[in-house]
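Breakdown of the fold
Listed below are the residues making up each chain.
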Amino acid sequence: MRLLRPQKDLLLSGKDTTKDEVNETEASKVNKLRRTRKKVTKPHVCSTEVGDMDISNSNDCTRDINQILITPQLSSRMKHIKQAMAKNHLQFVRFEATDLHGVSRSKSIPAHFFQEKVVHGVYMPRGYLELIPNPRDNEVNHIRATCFNSDIVLMPELSTFRVLPWAERTARVICDTFTVTGEPLLTSPRYIAKRQLNQLQDSGFSLLSAFIYDFCIFGVPEIINSKTISFPATTLLNNHDQPFMQELVDGLYHTGANVESFSSSTRPGQMEICFLPEFGISSADNAFTLRTGVKEVARKYNYIASFFIETGFCNSGILSHSLWDVGGKKNLFCNSSGVEQLTVTGKKWLAGLLKHSAALSCLMAPAVSCRKRYAKESKDLKDSVPTTWGYNDNSCAFNIKCHGEKGTRIENKLGSATANPYLVLAATVAAGLDGLHGSDEVSAGPDESADLYQAKPSEIPLKLEDALVALEEDQCLREALGETFIRYFVAMKKYELENEETDAERNKFLEYFI
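Residues numbered from 1 in each chain as written. Predicted model: local features only at pLDDT ≥ 70, side-chain atom pairs only at ≥ 80, totals over all residues. Heavy atoms only, no water.

Looking up the protein chain in an unreviewed UniProt entry gives the name Lengsin, with the organism given as Prolemur simus. Per UniProt, the protein chain carries the Sequence similarities (unreviewed entry) text "Belongs to the glutamine synthetase family." In its Subunit (unreviewed entry) section, the UniProt record describing the protein chain reads: "Dodecamer. Interacts with BFSP2 and VIM." (UniProt positions renumbered as here; feature names shortened; annotations may be inferred.)

The structure is reproduced here in structure tokens:
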């Protein structure tokens, strides 16, 4: 076994030990530090390196810093980052992490401090990411107030370093979050998604996925009769404002997020954007990048980008995905006979999605306004609606598409564009895995024989309160996503429900929530 150098010495040396640019596994791990009664020593947490298709060690974040893996690749990565920083005359680097809503929370540091921060991390108040102003003991009694008010550490994943085309002389790097003693933050959506992808890989599978988002473009709000009104940018209906979309798509490409297509949607100022599918965590990273990038580009054109529609409904956020073997060579949803029908593996995966659809809907439509579209075609006053699926049927919650060069895939259409993409990815994988490991089968679809049967038809709650109960009672998702996360997420949503009316107007045009 070869001897490995500590990360700090390696980074500061600036030597290029290899030119191998294959996707890295985690290039470094987090060092657990000893606690003292009155003083916590400075953490030596280190950055994580995860390639698009290699996530084998993404949930192991506590290895000693003197036993770092694949240090030559780390050195090569740092060399190329320094070259990019010099070439683009970068002044700042954003260390970005997702909060529970999927919104980017970041700290920008001067570029000349980047190497130091790669080693030691960037500190941020934990409350920035968890978003409950004052958690009550009876709601989140597993989280101590001192813990909630403490700092956490942002550790960069260097493979996500990109120069931002829409921000002057600025780059960004997506970070994982840790406590100051080196443990992963259990409420971190990106950590939870990585953990589920790791479980999937351990079961011999990989996931190819892409997000499809709707968003709206509004003009700058105007004051009319003492009321603030924002009009949709109607010229986008027919793609007349090409410069805006072209700059957005080109900018996303340069941040590593490849857009397959974009088009006007059903409403004035409403656009749809489809990403190319990628393996692993990359699809969620791309969606996370869009959520910030579209707002920054919109500002340059005197627009406001929103994931809400002017009627109060949310735009859709679809996760199109397919299951592959662990090497990414075979689509396990595709029927080799050429028939447009799911394989047995695909049917089991779908059964898992149907079984957990009530709890899934809580994570994928996490606000009152997001759930309106579940009942938009129903005139009856119901507490829930059936979970539907079908082949090439865009009205279904789970739409199976067998046509096209991508092969068979399932579109999970439960989601809204306001949902956290990492949680959407994690929950979909957890539900699908449960279907693979279980004995449930799928009820008959429109084009299939009646011998397929689902023991208990699935229902989607229309009220967020009922969806929260479904999430709390779903033992599979509780275990997969973690007890700490579930309890915290439910507490956050209950807090939002209690303050919904008072916050509605105040948040209407705040870009944080739109």
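As a further point, take the side chain of Asp99. Mapped onto the secondary structure, Asp99 falls in the loop between β1 (92-98) and β2 (104-110). Comment: no salt bridge for buried Asp99; closest opposite-charge side chain is Arg105, at 4.6 Å. At 2.9 Å, the side chain of Asp99 forms a polar contact with the backbone nitrogen of His101. (Helix = DSSP H or I, 4+ residues; strand = E, 2+ residues; numbered from the N terminus. Buried < 20%, exposed > 50% of the residue type's maximum accessible area, 1.4 Å probe, protein only. Lys, Arg positive; Asp, Glu negative; His and termini not counted. Salt bridge = Lys/Arg side-chain N within 4 Å of Asp/Glu carboxyl O. Polar contact = N/O pair within 3.5 Å; in protein donor to acceptor, adjacent residues only side chain to side chain.)

What follows covers helix α7 (residues 242-254). In a regular helix each residue adds 1.5 Å, so 13 residues correspond to 18 Å; α7 covers 18 Å between its end C-alpha atoms and thus fits that length. All of the buried residues in α7 are Phe244, Met245, Leu248, Val249, Gly251 and Leu252. Along the axis of α7, the buried residues cluster in a sector spanning 160 degrees; they form a single face. Looking at the buried side of α7, the elements it contacts are β7 (205-219), β10 (259-264), β11 (270-275), α8 (282-300) and β13 (303-306). Within two residues after α7, Gly256 carries a phi angle of roughly 95 degrees, on the positive side. (Expected span 1.5 Å × (residues − 1). Arc of directions from axis to C-beta. Contact = heavy atoms within 4.5 Å.)

Time to look at the pattern of salt bridges. In a structure, side chains of opposite charge can pair up when their charged atoms sit close to one another. Inspection of the entire model under this criterion finds 12 salt bridges. In this structure, Lys401 and Glu411 form a salt bridge, with 3.1 Å as the shortest nitrogen-oxygen distance. One end of the pair, Lys401, is in strand β17 (residues 398-401); the other, Glu411, is in strand β18 (residues 409-412), with 10 residues separating them in the sequence. Both residues of the pair, Lys401 and Glu411, count as buried. If you follow the salt bridges from partner to partner, you end up with Glu157, Asp176, Arg190, Lys194 and Asp285 in one network.

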